Structures are given as structure tokens and as C-alpha cells.
Amino acid sequence: MRESCDAGRTRAAAWGLGPLLSLDDIDEGHIPVKRIHATAAGLSALLLLLSASACGGGDETGEGGEGRGADLVVAVPVPLTSGNSAAAQMMLNAAKLAVKDINAGGGAGGRNLVVKEYDDKLSPDESVKVAQRAVTVDKAEAIVGAYTTIEGLAIRQVTEPRKILFLNPSTISPAFLDKAVYTYRVGHDQRDYPVQMMELLTKLGYKKPVVLADDGPTGATLFGPIEEAAKAAGLQPAGTVKYALNATDLSGPIAEIKRSGADSVIAIGSSAADAGLAMKTMVEQGVQTPVLGFSSLIAPDALKIGGDAFTKLPAIYTFSNMQPSKPQYQEFAKKYAAEYNNGAEVALVEQAGATYDAFMILDKVLDQTGGDTDGDKLVQALDGMAPVEGVSGRQSCQMSFKESHSAFKLCLVAFKFENGKPVEQAG
């Protein structure tokens, strides 16, 4: 039977080895290899170091911990340096709040959770880099995070081969879950959006929408289904205008929208900064049409860049995976405000609630596995998880992975931005 970590530390101290060291210390250059002598005692000590390096986390192959009560590190990679930095910070805060609640209740499967944060800078290269560090150096046994599909697809390259559970609270692209085994989304597939968008446009009486799409994974794939859904609803779409993700100038695309004669704009981009710039440019060029799109349209970074465009445009409508009037959401929002804003109301992005839910789902399945983070055991627990209503989604909608790796189906909520905040739309 494997020697416990505590017993190993005791024996190391008895041998006069001092604080127990890990392979990471050697790999990072902290211990010159020439100092390790090949004496019998030295070899025994080295073997002890090698075995102890796995204490409290999964190994580099991604095989999970054994649920023996050691702290469980959960990596939270989010784009803290990006055009979505404010939303990323809310996701991180929600993660810490969830872990505080879980640990206060006895931990997940008997193990205390520890949040390890990473700035992935909304870059695929950086996302791979931080994910690699999370699982190999920091011994993270699960990952919750990523704001966009760009980050999510990159992180998947690290987690899937190692059988490490990756719960994402934000991305909507179908590509994110293509052939995924250990990757799940605590949200909607993007194919839900066109259906609910056309229902709202029809209700509002708009006939000729134009799609404004970035060249990211979502924008590049969703414009077609939106055009098809518009035609199926009896509308006359004015086509799609494309632009580069993280654009610095949108004057050309907005001029094209103006020439199209559209009576409404459906904006499908990943960056809140892009959304704010688009609406600012619309006002500057005299494009007076309502805008409909994702919650990124009214994210803090969009509001900062868009400025008074939010009061000068006829209307701004968004769809979110949250309902502020929902009791579960209200309870979460109050706890968040108390923890991070001295009790004052905070206009949260939808990803904050979804991040909290992701951790509560992790807590639920770890209780079933007894704290064991073996990927196959967690997948079995998730796929068999009873439907549960959380902070996210429309009231009475439940999260479930029985039919797919996306937790929700057609549970989005429509909002109109009024007086500086989103207001739920009835029906």
C-alpha cells in the first residue's frame, strides 16, 4: 500500500532531508542535479521525493487523485488581459465565491478546493501554455474557465489527452465540443441563438436584419444559421458583414451595413471591446438601427468603449444565459455583492453565474466519486447527473448532460438595455 504523504514527510524529516521537495523543484532548476549523490541513502531519498511529488494532485498523464482528503487544485484560466477583462474578473470572483461556499460545507468529496488563477490573454498560444502549467506544474486536477471558443479549443488540447475534466461556462461554438469526452459546457450550444433571436425580431416587427460577424470560431460559423433562421421565420436578411476579431477600426464594415438598408443588426462577436467599437462607429456614421446580439454587447468593456452610443441607438437587445428575477440568481448576486462590492448591486455578466454553477456541478460529481478526479469516473457521474436548477438559465430550466455535453437547451433570456442596465423582456 502506498505510503501516505504525511508519513513520507515524517520519514524525510527523520532522515535529515528537511522540507520535502518535488520533481518540479528539480525541473525548475532549484536543485542542481550534481548535488544528488548515488549512495544508497541518496537513492532512497530520491525515490521518496519522486513518490511524494504526486501528493495532493493528479500526475502528468492526467490520472486523477485518489480522493484521500488532500486539497484539490482547480485551474481557472480567463482572459484578464483582453477586451473582456472585466467579464474575466467576474468569472474569477465567482469561482472563488463558489469554492468558499463548497469548502464551508465540507469540501467536494471530502476535499477542499483551491482556485489557481491564470491569465490566458484571450490567446490560443497563451491558453495552451497556462493549461500545460496548470496540470504539470501546479497539479490541477480539473479546469473551469475560458471565455471564448478560441481559448477553449486550445485548453482542450491539453486536457482531453490527459483525461482531465474541463468545465466551460461561456463558449457557444459547436466546435468546442466536437468529439469531446472530458469537456463539458455549462451553457448553450450556439444553435439555440438563431431560433430565439428570430422569435424576438418577429415579435418586435423587424423584417430585414443584417448580420455583423467577426472571424472567430463563433462568428465564422453562426452567420449562416442565423440567415437561414431569418428566412424560415419569413424575414428578408440583408446578408452578413464580416470583420476581424479584436479590430481597431470598424468604419468599413459599418459603412457596408449602412448601404445594406437593413432595419436591424444582429451582432455575433466574441469580444466585448469589438461590440462597443461597433456601436460607437454606428452612431458616428448615422446608422440608426437597433442592435441584437450576445451579452457581450453590454459587457463592461463594451460599455466603456461604446460610451454614449448606448443611449443614442434606438435599442439594444441581448440574449443571456441568466435571469436576474430568478430566486437562485438573486441569492447568488447578493452573495457576490457582499463579497466583492460592499453589498452594493453589481451588474454581472452571464458567465459569472455559469462559473458558479460549474463549480457546484464539480462539487456534485466529486461527492459521487468520493473526491476521485479520474476522468472516466467524473464523466460517468456527469452523464448520469440528475437534472438540477442552478444560478444560470431561465427559471425552471434545469442543467443536465444526459443528452449532450451542453447543460442547457433553449433556456436563454432576452433583455433590452435601458437606463444603464439590462431589463428582462416578457415572453
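Residues numbered from 1 in each chain as written. Predicted model: local features only at pLDDT ≥ 70, side-chain atom pairs only at ≥ 80, totals over all residues. Heavy atoms only, no water.

K.L.:
I'd like a description of the overall build of the chain, backed by residues and values.
P.N.:
Broken down by element type, the chain carries 15 helices and twelve strands. Sequence separation of at least 24 residues holds for 71% of the intrachain contacts in the chain that already meet a minimum separation of 6. (Helix = DSSP H or I, 4+ residues; strand = E, 2+ residues; numbered from the N terminus. Contact = heavy atoms within 4.5 Å.)

K.L.:
Which residues make up the packing of helix α7 (residues 192–204) against helix α8 (residues 219–232), and what are the values?
P.N.:
In the contact formed by α7 and α8, the axes pass within 9 Å of each other and the chain directions differ by 40°. Taken together, the axis directions place α7 and α8 in an arrangement best described as oblique. Judged by the twist between their axes, the crossing of α7 over α8 is right-handed. Residues Pro-194, Met-197 and Met-198 of α7 touch α8, and the partners they reach there are Leu-222, Pro-225, Ile-226, Ala-229 and Ala-230. For the contact of α7 with α8, the residue count by class is eight nonpolar, no polar and no charged. (Axes fitted to C-alpha atoms, helices over the stretch in contact; angles between N-to-C directions. Parallel < 35°, antiparallel > 145°, perpendicular 65-115°, else oblique. Left-handed = near helix turned anticlockwise from the far one by under 90°. Nonpolar A, V, L, I, M, F, W, Y, C, P; charged D, E, K, R; others polar.)

K.L.:
Any chance you could break down the sheet that holds strand β2 (residues 113–119) for me, citing the residues and the numbers?
P.N.:
Taken in spatial order, the five strands of this open sheet run β2-β1-β3-β4-β5, and their pairing is parallel. The open sheet has two edge strands, β2 and β5 (183–185), and neither has a second partner. Geometrically, the sheet is characterised by an average inter-axis angle of 20° between neighbouring strands, direction not taken into account. Bridge count for strand β3 (residues 142–144) against strand β4 (residues 165–168) is three bridges, and the pairing is parallel. Looking across to β4, one finds that Ile-143 is bridged to Phe-166. The strands touched by helix α6 (residues 149–159) within the sheet are β1 (72–78), β3, β4 and β5, with β4 carrying the most contacts at an inclination of about 170°. (Pairing = 2+ DSSP bridges.)

K.L.:
Give me the nonpolar core: which residues, what numbers.
P.N.:
The biggest cluster of nonpolar side chains holds 81 residues, and the ones touching the most others in it are Leu-113, Phe-332 and Phe-359. If you tally residues by element for this core, the top one is helix α4 (residues 85–104), at eleven residues. Per-domain counts for this core show at least three residues from each of domain 1 (72–188 + 326–410) and domain 2 (191–320). Among the nonpolar cores identified, the runner-up in size contains 22 residues, and Met-198, Leu-201, Leu-235 and Phe-294 belong to it. (Core = buried A, V, L, I, M, F, W, Y, C linked by side-chain atoms within 4.5 Å. Buried < 20%, exposed > 50% of the residue type's maximum accessible area, 1.4 Å probe, protein only. Domains from an automatic or database assignment.)

K.L.:
Please give an account of the side chain of Thr-218 that cites residues and values.
P.N.:
With respect to the helices, strands and loops of the structure, Thr-218 is situated in the loop between β6 (209–214) and α8. In this structure Thr-218 touches Thr-149, Ile-172, Ser-173, Gln-190, Ser-270 and Phe-294, once residues within four positions along its chain are discounted.

K.L.:
Quick one: what's the story with the pattern of salt bridges, residue by residue and with numbers?
P.N.:
By the definition in use, this model includes 14 salt bridges. Across the pair Asp-192 and Lys-409 runs a salt bridge, and its minimum N-O distance is 3.2 Å. In this pair, Asp-192 is assigned in helix α7 and Lys-409 in the loop between α15 (375–383) and β11 (413–418), connecting sequence segments 217 residues apart. The class of Asp-192 is buried, set by a relative accessible area of 2%. Residues Lys-416 and Glu-418 are paired through a salt bridge, measuring 3.7 Å at the closest nitrogen-oxygen approach. (Salt bridge = Lys/Arg side-chain N within 4 Å of Asp/Glu carboxyl O.)

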